[in-house]
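Observations on the model geometry
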Number of protein chains: 2
Amino acid sequence: MLEKVDLSRKLGKDEYRQSVKELGARLGELQRRQREAGIPVMVVFEGWEGSGKGAQMNQLILPLDPRGFRVQNITDSFMSDPFYPAMYPFWRAIPPAGRMSIYNRSWYRKAIELWRAPEESGQGEMEKKLEEIRSFERQLVDGGYLLIKLFLHIDRSEQKKRLQRLKSDETKGARGQEELNAYKNYDDILPVLEEVIRETDRAHSPWTIVEAHDRRFATVKVLSVVARALENRLNQPKIETVKEPVVLSELEEAVTTPTVLSKVDLSLEPDDSYKKEMSSLQRRIRRMEYALYRDRRPMVVAFEGWDAAGKGGCIKRLTQEMDPRGYEVIPVGAPNDFERRHHYLWRFWQDFPKAGHVAIFDRTWYGRVLVERVEGLCSPLEWKRAYSEINDMEKQWHVSGAIVMKFWLQIDKDEQLRRFQSREETPEKKWKITEEDWRNREKWDLYEKAVEEMLWRTSTPYAPWAIVEANSKDYARLKVLRTVLSMGEEALGGVR
Amino acid sequence: MLEKVDLSRKLGKDEYRQSVKELGARLGELQRRQREAGIPVMVVFEGWEGSGKGAQMNQLILPLDPRGFRVQNITDSFMSDPFYPAMYPFWRAIPPAGRMSIYNRSWYRKAIELWRAPEESGQGEMEKKLEEIRSFERQLVDGGYLLIKLFLHIDRSEQKKRLQRLKSDETKGARGQEELNAYKNYDDILPVLEEVIRETDRAHSPWTIVEAHDRRFATVKVLSVVARALENRLNQPKIETVKEPVVLSELEEAVTTPTVLSKVDLSLEPDDSYKKEMSSLQRRIRRMEYALYRDRRPMVVAFEGWDAAGKGGCIKRLTQEMDPRGYEVIPVGAPNDFERRHHYLWRFWQDFPKAGHVAIFDRTWYGRVLVERVEGLCSPLEWKRAYSEINDMEKQWHVSGAIVMKFWLQIDKDEQLRRFQSREETPEKKWKITEEDWRNREKWDLYEKAVEEMLWRTSTPYAPWAIVEANSKDYARLKVLRTVLSMGEEALGGVR
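Cut-off values and rules
- Residues numbered from 1 in each chain as written.
- Chains lettered and ligands numbered in written order.
- Predicted model: local features only at pLDDT ≥ 70, side-chain atom pairs only at ≥ 80, totals over all residues.
- Heavy atoms only, no water.
- Domains from an automatic or database assignment.
- Contact = heavy atoms within 4.5 Å.
- Buried area = accessible area lost by both parts, 1.4 Å probe.
- Salt bridge = Lys/Arg side-chain N within 4 Å of Asp/Glu carboxyl O.
- Polar contact = N/O pair within 3.5 Å; in protein donor to acceptor, adjacent residues only side chain to side chain.
- Helix = DSSP H or I, 4+ residues; strand = E, 2+ residues; numbered from the N terminus.
- Nonpolar A, V, L, I, M, F, W, Y, C, P; charged D, E, K, R; others polar.
- Pairing = 2+ DSSP bridges.
- Axes fitted to C-alpha atoms, helices over the stretch in contact; angles between N-to-C directions.

**Here's the deal with the domain arrangement of chain A**
Residues and elements named next belong to chain A. The domains assigned to chain A are domain 1 (2-235) and domain 2 (250-491). Using C-alpha coordinates to define each centre, domain 1 is positioned 40 Å away from domain 2. Contacts between the two partners involve 20 residues from domain 1, matched on the other side by 22 residues from domain 2. Summed over both partners, the interface of domain 1 with domain 2 buries about 2000 Å², with 57% contributed by carbon and sulfur atoms. Considering only the surface of domain 1 that becomes buried against domain 2, F83, W91 and Q139 emerge as the three largest contributors, covering 31% of it. Taken together, the connections running from domain 1 to domain 2 amount to one salt bridge. Two residues, D142 and R385, come together in a salt bridge whose shortest N-O distance is 3.8 Å. The interface formed by domain 1 and domain 2 includes eight residue pairs in polar contact (both at pLDDT 80 or more).

Right, dumping it as structure tokens:
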């Protein structure tokens with residue numbers, strides 16, 4: 001593939017000057033339109049050591065408004081923490097709507113570096129990496145991101161020439177011995193590179209190979225490709241959202257709705273030893289928290305449930321004896337303006353816990369398939385796609401060593417009414433109940449359907465849902481603590 | 001996941017009768033509209049042994065017009081030949097536009113049967129199968145197919161009860177001992193099944209679990225789900241195709257076009273020993289043909305090239321000494337009406353060679369990214385997606401043991417003119433040259449761009465392109481035969 005590329009292509013000075021001038025003007029204008037249209041853009045520069053990535057990036061940003069873009073250097077330290085999921089730093093760094101991120105190296109780095117891995121383990125690792133990359137890129141593109149991927153290509157002898165010239169240069173372009181000798185590995189890297197490029201070259205995020213022997217040629221190509229991609233995207237018609245289906249009869253509606261919740265036994269009550277068991281559980285949870293810290297295992301505990309189902313109370317009991325340095329409670333509301341300008345999963349990647357820490361989410365990324373679905377805040381296409389996107393995200397967390405668990409707190413409609421009324425009657429609780437709660441309650445059936453589908457489509461062995469019978473608050477709290485403990489201890493390999 | 005499903009759901013007789021009547025009428029009407037709209041539909045019935053797939057399928061087809069659907073039983077023998085690519089029988093059996101195929105078991109069978117595989121080898125095999133399935137389904141959905149996937153779920157004790165009842169039945173529902181004892185493996189199959197369902201549950205082809213303890217409930221659910229899916233699809237707005245980009249300047253156009261062909265040395269000529277070498281090559285090719293047959297390896301040889309580049313002559317020399325029972329030459333023209341009513345890759349799956357045989361394609365599936373692209377016979381989205389779809393198909397062929405190679409016959413514009421003129425001047429060759437050839441020639445530059453991109457995006461180690469310098473016919477013929485031989489012999493493990 002790469003050997004077939006004609007690297008002898010050149011451009012004369014005059015042609016080059018004229019082109020760069022015209023392209024620069026066009027890019028400036030396109031960037032303005034891109035910002036206006038709110039399109040987030042990611043431009044990836046990959047290429048051989050010494051192929052001139054830095055110089056080409058500079059040519060690209062020259063005509064751009066610096067308020068609209070950001071250069072992201074993907075250094076070793078950027079990707080360093082092995083206890084974070086592989087895509088974590090990249091998810092965090094995606095640009096908001098209307099902005100452009102330009103990557104000097106990228107999420108492809110770790111895949112390409114697998115050329116060092118031994119044959120057997122290498123192939124499995126490679127498949128995993130490629131799948132992560134494809135999933136990442138597909139989610140971004142589905143979420144409205146424009147991806148432009150450039151690979152700067154030079155052949156081995158050109159690379160050798162350039163790096164040897166650098167060796168005698170004092171600054172060495174800030175390169176170490178290994179980089180300066182990179183040409184020695186050219187033939188080993190080549191097939192890995194070709195596989196990576198081929199397996200991630202998709203219609204929605206294609207690769208462009210830039211012939212980089214001639215600097216002028218490369219510049220004009222980079223500018224042209226970026227301009228064309230922006231133009232294409234700006235000319236794209238908005239895709240209409242799919243109309244919702246004809247309403248079915250009540251019976252058909254009932255029949256096609258999955259049911260999980262109907263089996264939940266809401267009459268469950270704790271036995272008399274509540275207090276004793278609670279304090280014993282809390283002590284054990286504190287011990288588990290230290291074990292997590294020692295083993296550098298991150299834990300994600302997610303809470304969803306009906307309004308007034310008692311999420312707050314459960315979280316309070318769960319954390320009561322925990323070391324505050326080891327956990328964080330993340331209350332999740334409607335996204336703020338800045339969050340809204342990113343992919344909907346972005347803010348949850350931000351809050352992913354450090355290795356050894358616990359993140360407790362009070363409401364979660366499942367808002368996409370609950371409130372956003374029911375209230376029509378996203379299109380059917382978007383929430384339908386969210387199930388596998390969320391499963392993918394949780395799988396990546398799990399694969400990186402995280403312990404992930406999710407609680408659905410179930411109460412019935414009568415119990416909710418009792419709690420709403422009691423809140424309204426109790427002055428110190430009155431703030432807890434709003435008009436919105438009553439409005440949500442009217443949509444109980446729609447929410448129930450969404451909950452059922454969520455429980456069904458996102459129950460996975462790597463991130464299971466525990467359904468908590470929560471008509472009795474005490475029972476619910478005990479069950480939550482017991483579950484956190486048993487899942488945590490199992491993942492840590494038994495009690496310590 | 002599956003254990004969470006409430007299997008106690010039931011339906012009363014009256015409700016059932018009323019519903020089935022209404023749904024039946026609606027399905028009949030929907031089927032009529034689906035045929036009119038030319039939508040191809042695939043309904044998959046998977047489920048536990050004894051869950052009642054046959055009975056439910058019968059309920060579904062009752063209200064349908066028999067001219068519009070076809071039931072496909074996926075038996076052992078349907079999937080049997082291990083020398084065909086795994087998805088081959090399923091690709092062949094996809095329905096044409098406006099028709100419905102109803103599958104009793106499906107392409108999921110082989111994945112689910114991996115529960116028998118030992119742990120270590122199992123996981124790698126599973127990943128491969130799941131990826132094949134996802135690729136198959138995504139290509140179909142992208143190509144306009146509607147997929148409806150139903151899983152009939154019963155629990156272990158229900159399965160045991162049903163199968164034991166069958167044991168005393170004389171017909172046994174045509175089941176063997178193994179099927180009748182299937183419940184003994186229930187707990188081993190369950191986690192595999194859950195993985196398969198989870199990893200193939202996508203927004204574009206979601207799974208529906210049908211609670212199948214109560215036959216009436218299951219029927220109403222099946223009919224409702226199929227009706228709803230058809231309705232959804234018929235209500236879907238047509239997605240506008242993306243506008244093409246603003247035309248770039250000539251220089252930018254040139255710069256962004258990949259070049260492979262410019263490096264081709266068209267002055268190459270064979271040396272004097274042409275005749276001798278040709279007959280030696282032909283003898284060796286015949287020997288290779290037998291080796292392929294003995295080893296049951298299929299071989300695919302694909303020819304593309306400019307009009308009058310000499311594909312026919314090369315194919316003639318290649319096959320001159322071959323055993324006609326071992327190969328087939330498949331001339332590919334514009335698809336006929338029936339082919340046009342299928343996915344564009346369908347007809348090429350039809351022609352995939354039997355194990356041990358050679359299929360020689362005179363023009364190929366690359367028409368999608370050549371003539372269909374240049375002549376606007378498909379949308380930009382479609383031909384852009386085709387590169388990875390074609391790579392996927394060729395990879396599946398390769399993985400199943402096929403030897404796949406592709407030839408691009410390159411001549412320059414002057415040489416083509418000479419050949420066109422000579423054809424017009426020679427009475428016995430005049431039929432070979434048409435108005436269309438002249439029209440295509442006017443679009444040389446557009447075709448060249450398409451060829452460059454094709455060569456670049458579909459050169460893979462598992463199905464490489466050989467670019468043949470074909471200004472000299474003799475040189476081209478020798479190079480083709482040499483290449484077929486060296487690639488064939490290498491794949492067969494050296495000369496035999």
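Anyway, onward from the coordinates.
**Overview of the interface of chain A and chain B**
Opposite the 70 residues of chain A that make contact, chain B presents 70 residues. Note on chain A versus chain B: buried area summed over both sides is about 6100 Å², and carbon and sulfur give 53% of it. Area buried by chain A at its contact with chain B is led by K4, R228 and W456 of chain A, which between them contribute 12% of it. The tally of links from chain A across to chain B stands at four salt bridges. A salt bridge links K395 of chain A to E199 of chain B, with the nearest nitrogen and oxygen atoms 3.0 Å apart. Considering each element in turn, the side of chain A that touches chain B owes the most residues, nine residues, to helix α9 (residues 215-235) of chain A. Here the residues of the side of chain A that touches chain B sort into 28 nonpolar, 14 polar and 28 charged.

**Thoughts on the sheet that holds strand β10 (residues 465-469) of chain B**
All names here are of chain B. Strand order across the open sheet formed by five strands is β7-β8-β6-β9-β10, with parallel pairing between neighbours. Across the chains shown, the open sheet's two edge strands, defined by having one partner strand only, are β7 (327-331) and β10. Adjacent strand axes in the sheet meet at a mean angle of 20 degrees, parallel and antiparallel pairs treated alike. Alignment of strand β9 (residues 403-410) against β10, held across five bridges, turns out to be parallel. Note on β10: the bridge partner recorded for L409 is V468.

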